[in-house]
Amino acid sequence: MSVGDGILRTGWLFGKQGQPGKRGFWTHFLRRRVPTEPWDQRLEDSRKEGRPENLLSREMTLSMVATPSEGFSCPHWRSNCLSPTGEQKLDIEHLGRASTSKPPNDGPLWEEALVGKIRTMSALQKSQALEAVQCHIREHTQLIRKEVPNAGLQELLAALNLELKQPLEKTFLFHFYGLILRECACVDLVRRHLASLLELSHQSSGQREGIAVAIGIVSSRHMQEVWATLEHVGRTRFLRTVFTSPDSQQPEPDTHWRWAGSTALLCYGQMAAHAGAQILPWVDNIVSRMVYYFSCSRYDNILKTSFLSATIMLLKALRQNSTPSYKFSQIPELIQCLLCILQKEPNFLTTLFREKIILVIVGLSNLRPGLKPMVKSQILQTCLQSLYTLPPTETLRSSLPPLDVAPDVTELYRKSMQALDLLLQSLISENKSVDELCFILQHVEPWLKSDSSHERQRAVQTIFLFLKYVVDYVGLTVSRLARHSREGSQEGGGHPLHAGPPDRPAYAAVEGQGARHPEPRPPVRLPPPAAADPAEGTSEFTYLNKMKNFEANTRRESEMKFYDLVKVLDGNLTVAQHTQLVLTLLRGLCSHNHLRCDLASQLLLMIVEDHSIKAEQVAEILQGLFQELPSIIFKNTLQTVMQAVSVLGTQHTQETVEVILSLCHPSERQVIPLWKALASNTQLARKVLTLLYMKLRLRPPKELVRFTQQAELISLLALGTIYELLYTREYKATVRWAFAGVLVGLLTQLRYLFELDVVDGISDYQEDVLDGKPLSPCRTCLEALKGLFWTTNYWEVFAYLKLLRGWELFEHMETYTEGVTLLARAMAHYDCEVKAVLGQAVISLKSSEERDNIVAILIITEFLNSHELTQYMSRRTVDNFLSLGLNNPNQLVRAMSLKGLSSALMHPEKVMLLRNRLAGLLDGFVGPEPKDLMGLMEILGDILHRLGAQGVGATSLRMAQHLLQLFDDEQADVRGGAILLYGDVLYSGGKKYQQALKSHAFQALVPLLFHLADSCPKVVMKTKLTFLRCAVLLKWEFRKELFGKLAWGRGLSAENDVFIYTVESNLGNYHRFLMQALTYLSSPDRNLKQAAMKFIGGMLQDYFPDLCICLRKADVRTLRKPPAADCPLPSPAPGGCVSDPGGLRADLEILKQDPDSVSRRFYSSFLEDIWELSQYVTH
């Protein structure tokens, strides 16, 4: 694909492939803008039609319908059957009423004939028909809310050689629109019309439904294009309304886009409904987007109804196309959204929302994999809370708010309670076990103790119907319940269904008459209690609860007696016998009996807490635990064991750390749980990291280390462990506390490895390749050094070295000192732990190790330029330490000490001399032909560095202006040097000139953005750093994300994100960006000119309305240009300004005559748009 084709497909430099913009590169068939109907008029129309103003919108009307509609049968993948009543309930057809269209195989009667005629049309005819229908939709949006005048449509259809005689639906135009788009083979045409469709107003319910119907129809053949368009609209339109905080001073979002999230939900539902057999590869993505739009949109009745409608359409699609073996990953998140709606329902009944939500949850719970207990628990709690807390049945009607037509609250309540019963039946049918039965009853049980009688009565009724269903259809007999209870008693389980002491049959407690029959009876099935008394049921469950507490107390008493026995043994055993006792308990942790594992873990914890374990036992105990650790299957058992490890580490910290280091290689993740256990409290975590630091410094000389022993070096094990702990959440605060020591330790460790000549693999590492092989020692040390800054959120230092390729300096012994110097300079610039690292460096400077002295003096000399150094250390103290370095045997240490003693900090009188020298050197930029610009900029950079915290004051503004003019120099070295030095100048003015430098940095954003496409890779890398430094200076919100895209981003997606970060971080300044970009249309550099064209195209496509608002009349002199002779444009508005013959007119004429096809296409595509933009200026 050529460059020109790339522009045609993407639109602008930072766009995403296939995303249509406001206009694209096609000439519209119709170019009119139809004004939207005034809001007051729409309210008046609503009143005339008998529709309430707000709540009773189309969505709310659908939600209040209590009559059946389309089918919603039991999904065919159910593993168990429901009762006949439950199946009939799932077969009710009123769930389908929430969806706005029928499935594809049940389309309107006229659709088949219409599709046949569409397929006979040529591509040109289809395009013309689309434009005509699009225009008709824009002009007659009110027809979606009123009766469609068939006469007007017949005229339109006749013009298209189509004829329909059947009655037309209200969404016919959108349906027709979608059918034509679905049959189009031109992908670009489909994308453009999809974008235009989504640009329509989202205020009307009919408009939202129509858009969703069209989107769903098109997706059946163009799923990729539909998905990409919705993603694009979500980023460029929806996110900007979402980021408007309710507490901010920004105005309310435009009603045109206010309900765009609801439209998106309906679109995804329609996409699922029309996906057919291809639904499974898309279902998780669709569900994730539905959850996202629901979570981020402003909650109201429209959003609620749209989300429920989309979920029902999705569920029906899965019912028709799913397979029993498919596992869905997003179902719990979807259920959480439904529960959120249920929680926000008012405490009265006017709609069927409660019933619908519960029935949808029933359908979702049947999908695979099954729901986790935590999700089931949330479902039960929320549903019970929503229904049980409703007012009493006799007062339901009186609790309603004033309504024109009061609903039948009795029927609504009955159906809602039936849905709850169906939910419980569905859960037990999926897992026919006594444990599941008890799990469900435990959630209903607290309502039996409620202070409100109607809540207790509802709980009793629910339990009665639930147990009746269990007996009739699940097949749990009394003998099975009794056997389960006896097993629970023998294991000390205290199960809720275990009714009483051994002399009373367990089934008697469950059965209603058990208390009056002391003699055991043979096992029988539970009889259906046809006339159960609610009071009797309440007393029976109260008795069950008492028996449960009795068994729990009995089990605890038995365990305490056993604990006492173990304590007696523990105090009378030898060390060897005591170790064997502990190892026996460790083997018991792997049992499949939960009670046995729990008992073993509790005894282990008790022994450890009793301080009975000696230091010589630690190694054998931890080794035994490490072997058994992978076989522990119960979570609470593992938690207790980790608690024991934490106590053991507190008592014997050094022995514990040494043993865990020796268990396996640090890169093997099996040992991480043990390290996490040692971070259970702050003091222990600090001791552990301190010990690891001390192990890291155990570095025998090279003469005493043999090659075969390198893997056994304790310092390498400590290094690997520190690297792993950097990315362990439990150690995050501890690493921040020990930052200075870890930093100096890693720097000296890397130099030690260079001395050992262990450098294999350090330069072969690739960040974007996932490899399971352990890293080499040198690479591990370097990655730990990088990770130290990233995980402690000093990402600016990391980014500084990354974009200057400074981390690569640490890969070779020859450039190691340059790397340390650059790292220290970045730390001083961003004030990264200067005080702590300085103190650690002073200690290392006094060390007898040469490598410690080198690292320390490199850090100290760079820190002399820090803004904060004088707050931590006086000049006299610094002088003493630097003088100490003059006597060091190492030549580098002596030279750096001398350099530090001659710095501007130690000699304040040098500051004025350097500033005056700097001001004189700036005249070198003024000459007609400046000589040796690279040498001049190198000297200026060195002076800036030497002045450091002193700054250069007002001279920084002059210097920045001179450098900005060199950004477009023909020589790549000059461009790169000016751009890099510009980043240093921005931070050299001090607080007094900081605001002025910020304004100057804003002027440089567009040039820097375009130089990201520079032909020289070195210039691009320097531009990335300076661009990021401008973003940090201007305090953009997404600075860290921007760095990620600059450092690792590739392709159109990364370019699009950088474009969005730049534009969205400068709200209200779109016009300034546009005006700057226009000046680059005449650039002789082809890359810069193409970048400018793509940027301008993107701005016109995605920010056209904002430009209309932000553009000033002063800018019209540039925009409002006389057209070329062969491309006449409308005359300027009265009083408009006409520019001089040069300027933009000349630039555009040059593009028109440019031999490059890209430039000519840009001219033909956007000249008229630029002229049209000038007509909308409001200031």
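Refer to the structure presented above.
Residues numbered from 1 in each chain as written. Predicted model: local features only at pLDDT ≥ 70, side-chain atom pairs only at ≥ 80, totals over all residues. Heavy atoms only, no water.

S.K.: Would you mind going over the overall build of the protein in detail, with residue names and values included?
M.R.: A count of helical and extended segments in the protein gives 57 helices and zero strands. Looking at the protein as a whole, 55% of its 1179 residues are labelled buried. For the protein, the exposed surface amounts to about 52900 Å²; the carbon and sulfur share of it is 53%. (Helix = DSSP H or I, 4+ residues; strand = E, 2+ residues; numbered from the N terminus. Buried < 20%, exposed > 50% of the residue type's maximum accessible area, 1.4 Å probe, protein only. Areas by Shrake-Rupley, 256 points an atom, 1.4 Å probe, with all protein chains shown as cover.)

S.K.: Give me the packing of aromatic side chains: which residues, what numbers.
M.R.: Taken as a whole, this structure holds 33 aromatic pairs when the rule is applied. Between phenylalanine 1010 and tyrosine 1080, the aromatic rings sit 5.2 Å apart at their centres with planes inclined by 90°, giving edge-to-face as the arrangement. Of this pair, phenylalanine 1010 sits in helix 48 (residues 1005-1011) while tyrosine 1080 is found in the loop between helix 52 (1070-1078) and helix 53 (1086-1102), placing the two residues 70 residues apart along the sequence. Where phenylalanine 1038 meets tyrosine 1061, the ring centres are 5.8 Å apart and the plane angle is 25°; that geometry is what we call stacked. (Phe/Tyr/Trp six-rings, centres within 6.5 Å; stacked < 30°, edge-to-face > 60°.)

S.K.: How would you sum up the packing of helix 45 (residues 955-965) against helix 46 (residues 972-985)? Please name residues and give values.
M.R.: In the contact formed by helix 45 and helix 46, the axes pass within 9 Å of each other and the chain directions differ by 160°. Classified by the angle their axes make, helix 45 and helix 46 are roughly antiparallel. Of the two possible hands of crossing, helix 45 and helix 46 adopt the one that is left-handed. Where helix 45 approaches helix 46, its residues Ser956, Met959, Ala960 and Leu963 are matched on the opposing element by Ala978, Leu981, Tyr982 and Val985. Class assignment for the residues of the contact of helix 45 with helix 46 results in seven nonpolar, one polar and no charged. (Axes fitted to C-alpha atoms, helices over the stretch in contact; angles between N-to-C directions. Parallel < 35°, antiparallel > 145°, perpendicular 65-115°, else oblique. Left-handed = near helix turned anticlockwise from the far one by under 90°. Contact = heavy atoms within 4.5 Å. Nonpolar A, V, L, I, M, F, W, Y, C, P; charged D, E, K, R; others polar.)

S.K.: A description of the nonpolar core should follow, citing residues and the corresponding values.
M.R.: With 208 residues, the main nonpolar core has Trp675, Phe789 and Phe810 as its most contacted residues. By size, the runner-up hydrophobic cluster in this structure holds 122 residues, among which are Phe294, Ile357, Leu400 and Leu420. (Core = buried A, V, L, I, M, F, W, Y, C linked by side-chain atoms within 4.5 Å.)

S.K.: An account of helix 17 (residues 353-365) is needed here, citing residue identities and associated values.
M.R.: With 13 residues, helix 17 extends 18 Å from end C-alpha to end C-alpha; this agrees with the ideal 18 Å at 1.5 Å per step. Where burial is concerned, most of helix 17 is hidden: 13 out of the 13 residues are buried. (Expected span 1.5 Å × (residues − 1).)

S.K.: Can you tell me about the state of the cysteines, naming the residues and giving the values?
M.R.: According to the stated counting rule, one finds zero disulfides in the structure shown. Cysteine cysteine 186 remains unbridged, with the sulfur of cysteine 184 as its closest cysteine sulfur at 7.7 Å. What makes cysteine 186 partly exposed here is its relative accessible area of 40%. As a non-bridged cysteine, cysteine 340 has cysteine 337 as the owner of its nearest cysteine sulfur, 7.1 Å distant. (Disulfide = S-S within 2.5 Å.)

S.K.: Go over helix 39 (residues 850-863), please, and point to the residues and values.
M.R.: In this model helix 39 runs 20 Å from its N-terminal to its C-terminal C-alpha over 14 residues, within 8% of the 20 Å that 1.5 Å per residue would give. Counting buried residues along helix 39, 13 of its 14 residues qualify, which places the element largely inside the surrounding structure.

S.K.: Provide a residue-level description of the environment of alanine 1077, including the pertinent values.
M.R.: One can find alanine 1077 in helix 52. Separated by 70 residues in the primary sequence, alanine 1077 and proline 1007 place their C-alpha atoms 8.1 Å from one another. With near-sequence residues (within four places) excluded, alanine 1077 lies in contact with Val1006, Phe1010, Ala1092, Phe1095 and Ile1096.

Any functional reading would require information that these geometric values do not contain.
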